Amino acid sequence: MPELPEVETVKRGLAPSMEGRIISRLELRRADLRFPFPQDFMERVAGRTIISLSRRAKYLLIDLDDGISIVSHLGMSGSYRIEQAGSADVPGQFHMERSRNVAHDHVIFHLMETNGSGLRVIYNDPRRFGSMDMVERRHMDSYPAFKGLGPEPIGNALSADYLAGRFQGKAQPLKTTLLDQKVIAGLGNIYVCEALWRAHLSPTTPSGALVMANGAPAEALNRLTDAIRTVIVDAIAAGGSSLRDHIQADGSLGYFQHSFNVYDREGEPCRTPGCTGTVARMTQAGRSTFYCAACQTG
């Protein structure tokens, strides 16, 4: 599944082409993706202006001028492409060809500006694990996918003090706790592995061990908080990890995957300066964890 940096990359890639444009027509080429489309989806968005694109956790939000947001999840293989009217070319240098099979073009936003110029934004999803729904923004916090979500990993609400409150007394391993979306929203397997490596913390360390007896964060928790923030910021700047099917909106792939220090590097030398360890892999809660036992000892 795409992680937060991938969705943020898609949002930033689509925003210049979608924000401020009118949805002249929404074309649905099937009745559902992973779930059925909302009732009267086409009719409810036709003629609406897209005021902004935003993101919550791993979901793309297309905010309309009537207080409604389209909630889009990319699933495993979903991607958007932008086609200017009269041209099938997509800007950007391709590093891996995306699906161009029109049989997988399931949703098409026909957009226009007030001067009449138009373009199409096409959602393509070969595996159909993605989804689209609608929600009133005033009810966003109670939307099932967002209810109870923790703070964003790059938002001001994430702090060592906040994590100390969530970690205190927990025997659960760090890796498992960090994957809990009610603790931190949008933080997934790849970047949890990377953040723990940067903070030199073992993925099996009990979460409560990073909290002092008085409830204050230990120094290791301060390191971890900084590592979470910087690994996400670096990934967004690099365009997301772009694993397998993920692509940016302009068709190019991000490059952060080439900067992974531990993820998917089983058997390779640890990249920590001066460390002589080797990256290992184990399974935690059904997910692969990559780590260095030599330097991730906290």
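Residues numbered from 1 in each chain as written. Predicted model: local features only at pLDDT ≥ 70, side-chain atom pairs only at ≥ 80, totals over all residues. Heavy atoms only, no water.

The name an unreviewed UniProt entry gives the protein chain is Formamidopyrimidine-DNA glycosylase, with Allorhizobium terrae as the organism. Its UniProt record, at the heading Subunit (unreviewed entry), says of the protein chain: "Monomer." Regarding the protein chain, the relevant UniProt record gives this comment under Sequence similarities (unreviewed entry): "Belongs to the FPG family." (UniProt positions renumbered as here; feature names shortened; annotations may be inferred.)

S.K.: Could you clarify how one ought to interpret the sheet that holds strand β4 (residues 68-73) in this entry?
M.R.: Strand pairing in a sheet relies on backbone hydrogen bonds. The paired strands run either parallel or antiparallel. Read across the sheet, 4 strands follow the order β2-β3-β4-β8 without closing on themselves; strand pairing throughout is antiparallel. Of all the strands in the sheet, the pair left with one neighbour each is β2 (50-56) and β8 (131-136). The sheet shows a mean angle of 25° between the axes of neighbouring strands, taken without regard to direction. Pairing analysis gives 6 bridges linking β4 to β8, with the strands arranged antiparallel. Residue pairing in the sheet places S69 in a bridge with V135 of β8. Packed onto the sheet, helix α1 (residues 4-18) meets β2 and β3 (59-64) and runs at close to 175° relative to β2. (Pairing = 2+ DSSP bridges. Helix = DSSP H or I, 4+ residues; strand = E, 2+ residues; numbered from the N terminus. Axes fitted to C-alpha atoms, helices over the stretch in contact; angles between N-to-C directions. Contact = heavy atoms within 4.5 Å.)

S.K.: Honestly, the packing of helix α5 (residues 189-198) against helix α6 (residues 219-238) in this entry has me stumped. Any pointers?
M.R.: Relative placement of two packed helices is described by the angle separating their axes and the distance separating the axes. Here α5 crosses α6 at 130°, and the two axes come no closer than 8 Å. Taken together, α5 and α6 sit at an angle that is classed as oblique. Relative to α6, α5 is oriented so that their crossing is right-handed. Contacts from Y191, E194, A195, L196 and R198 of α5 reach α6 at L224, A227, I228, T230, V231, I232, D234 and A235. Taken together, the residues that form the contact of α5 with α6 break down as 9 nonpolar, 1 polar and 3 charged. (Parallel < 35°, antiparallel > 145°, perpendicular 65-115°, else oblique. Left-handed = near helix turned anticlockwise from the far one by under 90°. Nonpolar A, V, L, I, M, F, W, Y, C, P; charged D, E, K, R; others polar.)

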